[in-house]
Amino acid sequence: MAAWMGNWEQHTMKARSIKLGSSLALMLMASGSFFASANTNGYKMVIIEDTPGVAALQAGKFDQGINETLDSNSAEVDNFSRQMSLCVGFTKSNQLQQAEQACNSAVALVQQFTHVSAGDKREMRAHALSNRGVLRLSQNNNLAALADFKRAAELSRSEVSVHNLQRLELALNKANNGLDLAMTTAE
């Protein structure tokens, strides 16, 4: 597993009411971080606050958080929030196939919300794309991660979207500079 996986931060989204059949709380990013590590320059992921499993995920109990999320019903949590939690939980626990399904579902589910403003949809999709970008890094797919981070930053200039994009661009530039230096030295 990539070394960076221990250096990412978790962000929750704060509640703002939106009608989606039953009252769903759309969560907007908070500044507080979870899964804090010594290195705060790690990649960041977003989960939805006050949904089943989130407290366990925040405490680093990934299997418990995943199980609580999976055991919840539609009255407790909407499917977007569920998939966001599963994306994070499975990514952090290195269950990458399940993480990919959850992350892709979260990205796709945003379009199904008809009672959400276009701005809120963009922000939700940006967070889902950013989460999927972190997953793609764990799959050693830097180009796909870069594409997700770029799209997320285009949709929402949130702190998480911008941070992840800038961090990956910096890492790729350093790698490219090292390659250029090695090629020049070899000549």
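Residues numbered from 1 in each chain as written. Predicted model: local features only at pLDDT ≥ 70, side-chain atom pairs only at ≥ 80, totals over all residues. Heavy atoms only, no water.

Asks: What is the right way to look at the environment of L109 in this model?
Replies: Relative to the elements of secondary structure, L109 occurs in helix α4 (residues 96-109). On the basis of relative accessibility, which here comes to 10%, the residue L109 falls in the buried class. Sequence separation between L109 and Q83 is 26 residues, and the spatial gap between their C-alpha atoms is 8.8 Å. Excluding its chain neighbours within four sequence positions, the residues that come into contact with L109 are N79, F80 and Q83. (Helix = DSSP H or I, 4+ residues; strand = E, 2+ residues; numbered from the N terminus. Buried < 20%, exposed > 50% of the residue type's maximum accessible area, 1.4 Å probe, protein only. Contact = heavy atoms within 4.5 Å.)

Asks: In this structure, what is going on with the packing of aromatic side chains? I would like to understand it.
Replies: Both the distance between ring centres and the angle between the ring planes are used here to describe each pair of aromatic rings. Counting across every chain of the model gives two aromatic pairs. Aromatic side chains Y43 and F149 sit 6.0 Å apart centroid to centroid with 15 degrees between the ring planes, which places their arrangement in the stacked category. Residue Y43 is found in the loop between β2 (22-34) and β3 (44-48), and its partner F149 is found in helix α6 (residues 142-155); the two are separated by 106 residues along the sequence. You can call Y43 buried: its relative accessible area is 3%. A centroid spacing of 6.1 Å and a plane angle of 80 degrees characterise the contact between F80 and F113, whose relative ring orientation is edge-to-face. (Phe/Tyr/Trp six-rings, centres within 6.5 Å; stacked < 30°, edge-to-face > 60°.)

Asks: Please clarify how the confidence of the model for the protein chain should be interpreted in this entry.
Replies: Should the pLDDT be low somewhere, the predicted coordinates at that spot are not to be read in detail. Considering every residue of the protein chain, the mean pLDDT works out to 78; 72% of them sit at 70 or more. Considering each helix and strand of the protein chain separately, the mean pLDDT is smallest for β2, with a value of 31, and largest for α4, with 97. Overall, residues 1-8 carries pLDDT values under 50, and its contacts beyond four positions in sequence, including any with other chains, amount to 22 contacts. Predicted confidence for residues 14-41 stays below pLDDT 50, and this span has 75 contacts to residues more than four positions away or in other chains. (pLDDT = per-residue confidence, 0-100.)

Asks: Honestly, the nonpolar core in this entry has me stumped. Any pointers?
Replies: The tendency in soluble globular proteins is for nonpolar side chains to be buried as a group. Y43, L137, F149 and L168 are the most contacted members of the largest nonpolar core, which has 22 residues in total. The residues contacting L168, other than those within four sequence positions of it, are Y43, L137, N142, A145, L146 and F149. By size, the runner-up hydrophobic cluster in this structure holds 16 residues, among which are L129, A152, L155 and V160. (Core = buried A, V, L, I, M, F, W, Y, C linked by side-chain atoms within 4.5 Å.)

Asks: I tried to follow the environment of H163 on my own but got confused; where do I start?
Replies: Mapping H163 onto the fold places it in helix α7 (residues 159-186). A polar side-chain atom of H163 sits 2.6 Å from the main-chain carbonyl oxygen of G42. (Polar contact = N/O pair within 3.5 Å; in protein donor to acceptor, adjacent residues only side chain to side chain.)

Asks: Can you walk me through the pattern of salt bridges in this structure?
Replies: Pairs can form between side chains of opposite charge once their charged atoms are near each other. A full pass over the atoms with the stated rule returns four salt bridges. A salt bridge links D148 to R132, with the nearest nitrogen and oxygen atoms 2.8 Å apart. Of the two residues, D148 is situated in helix α6 and R132 in helix α5 (residues 118-138); the sequence distance between them amounts to 16 residues. Per residue, the accessibility class of D148 equals that of R132, and both read buried. Among the salt bridges present, the one from R151 reaches E154, with a minimum N-O distance of 3.3 Å. With R151 and E154 both in helix α6 and three residues apart, the pair spans about one turn of that helix. Where salt bridges share partners, they join R132, R136 and D148 into one cluster. (Salt bridge = Lys/Arg side-chain N within 4 Å of Asp/Glu carboxyl O.)

Asks: Would you take a moment to explain the packing of helix α3 (residues 79-92) against α4 for this structure?
Replies: If you want to describe how two helices pack, look at the angle between their axes and the distance between the axes. With their axes 8 Å apart at the nearest point, α3 and α4 run at an angle of 150 degrees to one another. On the basis of their axis angle, the class for α3 and α4 is roughly antiparallel. In this structure, α3 crosses over α4, and the sense of that crossing is left-handed. Contacts from N79, F80, Q83, M84, L86, C87, F90 and T91 in α3 reach L96, Q98, A99, Q101, A102, C103, S105, A106 and L109 in α4. The residue inventory of the contact of α3 with α4, partitioned by class, reads eleven nonpolar, six polar and no charged. (Axes fitted to C-alpha atoms, helices over the stretch in contact; angles between N-to-C directions. Parallel < 35°, antiparallel > 145°, perpendicular 65-115°, else oblique. Left-handed = near helix turned anticlockwise from the far one by under 90°. Nonpolar A, V, L, I, M, F, W, Y, C, P; charged D, E, K, R; others polar.)

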